[in-house]
Amino acid sequence: MPQTQIILDDTTWEELLELTHGAAAVCFQCGVCTATCPWGLVREETLSVRSYMRAAQLGLHKNGNEDLWLCTTCAQCEAYCPRGVEIADVFRGLRYLAWKRNQPHHGLSTLLWSVYWNNNPWEQPPSQRANWAKDLAAPQFDPEKHEILYYVGCTASYDSRAQKVARALVKIFQAAGVSFGILGEDEPCCGEEVLSVGHKLYFREMAEKATKTLRERGVTQLVTTDPHSYDAFKNHYNDAIQPLHYTQYLAHLIDQGRLTPRSPIPNSQSLITFHDPCYLSRHNAEIEAPRKVLSAIPGVELVEMPNIADDTLCCGGGGGRMWLETEAGERFSDLRVEEALSTGARILATACPYCIACLEDSVKAKGIEDLAVMDVAEIVAKNIVESALHER
Amino acid sequence: MVESLYNVENENPAIWVFLEHHDGVLEGVSLELLSRGRQLADVIGWELTGLLIGHQVASLAEEAIALGADRVILAEHPLLEHFTVNGYVHVAQQALLEYQPSIFLSGATPDGRDLAGRLAVRMRTGLNADCTDLRLDPKTGILICEVSGFGGGVLALIEMETHRPQMATVRPGVFVPGEADSGRAGSLVSLEFDLPPEIIQTRVVERVSGESLDLTQLPILVCGGRGIHGHFEWMYELANLLGGDVGATRPPVDEGHIERQRQIGSTGAICRPKVAICFGISGAFHFIVGIQEADMVIAINNDPKAEIFDHADYCIVGDTHEIVPALIQEIRDWKMEVGD
Amino acid sequence: MSTLHIVVCIKVVPKPEEIAVDQETMLLIRDGVRSEINPPDMNAIEMALKLKDQYGGRISILSMGPLFFADYLRAPLAMGADHIYLMSDRQFGGADTLATTYTLAAGIRKLGNVDLIFCGEESSDGATGQVPAGLAEWLGINQLTQMDEVVIDPKKKLARGRREIKGGHLTLETPFPVVISAKTACNEPRFMDYTIKPWAFEEGRITIWRREDLEVEDDHIGLSGSPTRVSGLKQAPGRSRQRKFLKGNPAEIANQLGKILQATS
Ligand SMILES: Cc1cc2nc3c(=O)[nH]c(=O)nc-3n(C[C@H](O)[C@H](O)[C@H](O)COP(=O)(O)OP(=O)(O)OC[C@H]3O[C@@H](n4cnc5c(N)ncnc54)[C@H](O)[C@@H]3O)c2cc1C
Ligand code: SF4
Ligand code: SF4
């Protein structure tokens, strides 16, 4: 590990000010962020969030600092900060400085190059982006014919576990009679991961390119698998693309009576608890939609964990952490599945591919047999679609 | 076109194999080339010659003859003790010019490539690199080399009409070494050559054998997952027998069965082995990313529905506790047979 | 001490999974195929940049190929290289190893005063691993190939490199000028620097050299300078996995597996 070295100068200060829109300026160093950050739950010496805010205020840059890459951008701290500091964005700004000095965390340059050459962060062949949908009737998007573009996203396109969620969604759309299309091989990477690891300038470039593609293809309304893509489109693209997370869209369909749950969930699975993904609940205040969708299934009994909604406990996969190893014993998801277990639920539901990966891993690691990690879409596909299909 | 230093008009009907050696032992690929060279030579009735360069290596000549060489050209000199590209190319060129063989083969090892790459240019002839097969047209004596590009996605056959020697480096492992026959007869010829010391410009600072862990470049990767229940001693035994090394999925690393540096996958090492053998691994995407570049994947899992089977060439539904010991036994038996 | 001048020879290759062969013409289909910089060449660029970080100097990127390469060559410029030269001419086409190394050597001679020349250890599209040695031979200089790590002493003009070998490593040292080939994945190539990227992507950043810009002999370049010829080309069954299930009791399965492993090792 390179030695930590502190640099203090005016240019850095100005740069940071610009990169973070001066977000840290109002911080009065109370330390609530450090106290609420989940790293405190798994480490003796927690991530000193406050001191990073201080560094940003002063234009301090710590060279070669590994802690900088710990932040999962979960925004737990933001929910409590009395000054409303956009802390996650300050971290992204500090990370950009590290990029500029050619000091990113090991492995993250590879991630960016993969996005550059492959249009996805997973080093997967771009030509195979639509392979998951080969045997499904998922047509190319046509603005004349389709209500929505289903924006699949990189992880659901390639990760075999997340592909199941994408397939479930296709099934639901078809059952509800939604006319939808996908972009297949031409689907641009949304750049969410690039933003998370702080490469703001590359992200900007990607956002412009993706916007152009989406415009050219006549997209106005898109529905994402992933709360991270949803957040990127909603809060970090300049363009007026209207994104919806799929849970929001399914909630609409239920409201409109287009999707009607009929077949009750088996008794053995009726107790469900929902893990709020940070990028849905905290970053975008969407708490109702997934619960509404789950509750619409007859027989489902939602039980809540202690930390929900604004207070949800991050799975640990945001902020680029999916590409960096987190030592066993320091994984937030381990704590989360304990919480889920304490509710007596048989299904731990969530609505994000990263959350699924982390939570499922923890369930397995703990050898828990009677708690299944499922995506809301999978539960719906299993329990709504068949009944809806019967009516047709 | 640029003229080679000699050509098809004045070639001699011989196949030469560069005999690479380290620490007094012939490289495996040299044995493989002697075996393939013998077959080709017999088809067309040519002579098979080994080129042996080094210092105090004459004893290796006998081995080469036992393995099929009709003749070994020996070039010995204290300055040739270690392979240096300048020294070896200098000597090899003199040998080629003197004997003008039609074909010159070497292994596509680091030294073999260095030698052949330079020698080909010095002889102003063509070179086919990292060949996966060699054939010889018995009528014309033209060597047909199969090379593969794009991770094996494309195969090309390449030949050369007039330039000589016909040079190729051959990927280790594509041919099977033959059996030694100590009764075979062959001749040993010492090469007369000059070697001005100043041409050797590369200094071997050190050559260290010892521990180095680089999973990314291994030929054989033996991977254990949660489903081997901590029995990494089996994995190591297999890896040793097969000349590879051991990797793991994340759970056994987390559980302390094996060190973190051996984790394969999106947050571990990305590997490109010839063969990856996966024991008790479910096939999560985060793991698959680390082996998807493997030429071949073999998977053993007791769950017939395991995802890993979608990513494997050979699939075995079975208990690792039964398959692994049987496989170890099998490979031991086969090693005994070939006298390894 | 004059400033260090480093050349990196790089190549643009089609992405492996996109490659296809036109069965009639027996040529690779390059149209509409996504390409990338040959992966080990990226490692070579990173090796060179590290030395530039340490000792200053300048880096020239040299490539030979069709004009469309130009789009891809800007990335190394944005990583920190100083100049890009693309040798592009119909007459260079169809070159095998001999003609390729001859032409690259001519490019390097034209650049003049070069201390270090980096290459990737091999290119994914076939001309595997023989370019560095051939290039060094045409130039009559030294070579350090398949290096995992390289350090230099610019005052003494010495390069020292480390190569991983079976269960250990080998350290070699040789005076400048020297051709050095970088082992695939030996380092992590840095991402582009976005403060220089706009400059790198401006018009006119790339110097194109045609046949007449180089001192070469016509019968040494391209197809006419290539003694070898391709007599057959076929697409191998792709990387899609076979999914063959082996059946039997453990001993029988072990026997089948043993045969499979024997055939590959
Ligand atoms: C951010 C993140 C990063 C990750 N990075 C990596 C990574 O780099 N590398 C990695 O490997 N994982 C990584 N993971 C974990 C990954 O998601 C999987 O959990 C992991 O790969 C599973 O390992 P496994 O297959 O050994 O275990 P399991 O999924 O538990 O599979 C064990 C398998 O063994 C089989 N089995 C059990 N007993 C036997 C027996 N007696 N005989 C035969 N078969 C048996 C079972 O059927 C099962 O299929 C990461 C996860 C996250 C969230
Ligand atoms: S909680 Fe807010 S105000 Fe308090 S130290 Fe953290 S960023 Fe500053
Ligand atoms: S965003 Fe989350 S991980 Fe990052 S500092 Fe805040 S609480 Fe900690």
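How each quantity is defined
- Residues numbered from 1 in each chain as written.
- Chains lettered and ligands numbered in written order.
- Predicted model: local features only at pLDDT ≥ 70, side-chain atom pairs only at ≥ 80, totals over all residues.
- Heavy atoms only, no water.
- Domains from an automatic or database assignment.
- Near = heavy atom within 4 Å.
- Helix = DSSP H or I, 4+ residues; strand = E, 2+ residues; numbered from the N terminus.
- Nonpolar A, V, L, I, M, F, W, Y, C, P; charged D, E, K, R; others polar.
- Axes fitted to C-alpha atoms, helices over the stretch in contact; angles between N-to-C directions.
- Parallel < 35°, antiparallel > 145°, perpendicular 65-115°, else oblique.
- Left-handed = near helix turned anticlockwise from the far one by under 90°.
- Contact = heavy atoms within 4.5 Å.
- Buried < 20%, exposed > 50% of the residue type's maximum accessible area, 1.4 Å probe, protein only.
- Buried area = accessible area lost by both parts, 1.4 Å probe.
- Salt bridge = Lys/Arg side-chain N within 4 Å of Asp/Glu carboxyl O.
- Phe/Tyr/Trp six-rings, centres within 6.5 Å; stacked < 30°, edge-to-face > 60°.
- Lys NZ or Arg CZ within 6 Å of the ring centre and 35° of its normal.

Any details on the domain arrangement of chain B? Residues and values, ideally.
One can read the domain layout of chain B as domain 1 (6–199) and domain 2 (215–338). Computed over C-alpha atoms only, the centres of domain 1 of chain B and domain 2 of chain B are separated by 36 Å.

Describe the site of ligand 2, listing the residues and the values that go with them.
Residue and element names in this part refer to chain A. As a structural note, the neighbourhood of ligand 2 is formed by 14 residues, with Cys27, Cys30, Gly31, Cys33 and Cys81 the closest of them. Among the elements of the structure, helix H2 (32–36) and helix H4 (49–58) are those that each provide at least two residues to the shell around ligand 2. Residues that form the shell around ligand 2 fall into these classes: ten nonpolar, two polar and two charged.

Tell me about the site of ligand 3, and please be specific about residues and values.
Lining the immediate surroundings of ligand 3 are A:Cys37, A:Pro38, A:Val49, A:Cys71, A:Thr72, A:Thr73, A:Cys74, A:Ala75, A:Gln76, A:Cys77 and A:Phe91. For the shell around ligand 3, a count of residues per class yields eight nonpolar, three polar and no charged.

Summarise unusual backbone geometry; cite the residues concerned and give the values.
Cis geometry marks the peptide bond from B:Arg164 to B:Pro165, where omega comes out at 0°. Inspection of the secondary structure assignment puts B:Pro165 in the loop between strand S11 (163–164) and strand S12 (166–170). In this structure, the amide linkage connecting C:Phe176 to the following residue, C:Pro177, adopts the cis form with an omega of -15°. For A:Asn119, which is not a glycine, the phi torsion comes out positive at approximately 65°. Its place among the elements puts A:Asn119 in the loop between helix H7 (108–118) and strand S3 (148–151). Positioned with a positive phi, C:Ala185 is a non-glycine residue whose angle comes to about 65°. Inspection of the secondary structure puts C:Ala185 in the loop between strand S13 (178–182) and helix H5 (197–200).

Help me get a handle on the packing of helix H13 (residues 246–255) of chain A against helix H15 (residues 288–295) of chain A, residues and values and all.
A pair of packed helices is captured by two measures, namely the crossing angle of their axes and the spacing between those axes. Residue and element names in this part refer to chain A. Running from amino to carboxyl end, H13 crosses H15 at an angle of 50°, the nearest separation of the two axes being 8 Å. As the angle between them shows, H13 and H15 are arranged oblique. Handedness of the crossing formed by H13 with H15: left-handed. Packed against H13, whose contacting residues are Thr247, Gln248, Leu250, Ala251, Ile254 and Asp255, the element H15 presents Ala289, Pro290, Lys292 and Val293 at the interface. Looking at side-chain class alone, the contact of H13 with H15 contains six nonpolar, two polar and two charged residues.

Please give an account of H7(A) that cites residues and values.
For H7(A), the tally of buried residues reaches nine of eleven residues, placing the bulk of the element in the interior. Phi turns positive one or two residues past the end of H7(A), at A:Asn119, with a value near 65°.

Pulling in residues and values, what's your account of the domain arrangement of chain A?
Residues and elements named next belong to chain A. Under the domain assignment used here, chain A contains domain 1 (10–100), domain 2 (109–255) and domain 3 (267–391). When each unit is reduced to the centre of its C-alpha atoms, the spacing between domain 1 and domain 3 is 28 Å. Opposite the 17 residues of domain 1 that make contact, domain 3 presents 20 residues. Across the domain 1/domain 3 interface, buried area totals approximately 1400 Å², and carbon plus sulfur atoms make up 58% of it. Broken down residue by residue, the surface that domain 1 buries against domain 3 is led by Val42, Thr72 and Cys74, which jointly contribute 32%. At the boundary of domain 1 and domain 3, one finds one salt bridge. Here Glu330 and Arg43 are joined by a salt bridge, their closest N and O atoms 3.3 Å apart.

I'd like a rundown of the packing of aromatic side chains, residues and numbers included.
Considering all chains together, one arrives at 31 aromatic pairs over all chains under this definition. On the basis of an interplanar angle of 80° and a centroid distance of 6.4 Å, the ring pair of A:Tyr116 and C:Phe191 is categorised as edge-to-face. You can see A:Tyr116 sitting in helix H7 and its partner C:Phe191 sitting in the loop between S13 and H5, one on each of two chains. Ring geometry for A:Trp117 against C:Tyr72: centres 6.3 Å apart, planes inclined by 20°, an arrangement best described as stacked. Within this pair, whereas A:Trp117 is found in helix H7, its partner C:Tyr72 is found in helix H2 (residues 69–79), the two belonging to separate chains. Under the relative-accessibility criterion, A:Trp117 is labelled buried at 14%. The lysine or arginine in question, C:Lys110, covers the ring of C:Trp209, its NZ or CZ lying 5.4 Å from the ring centre. Its guanidinium or amino end placed over the ring of C:Phe201, C:Lys197 lies 4.4 Å from that ring's centre, counting from NZ or CZ.

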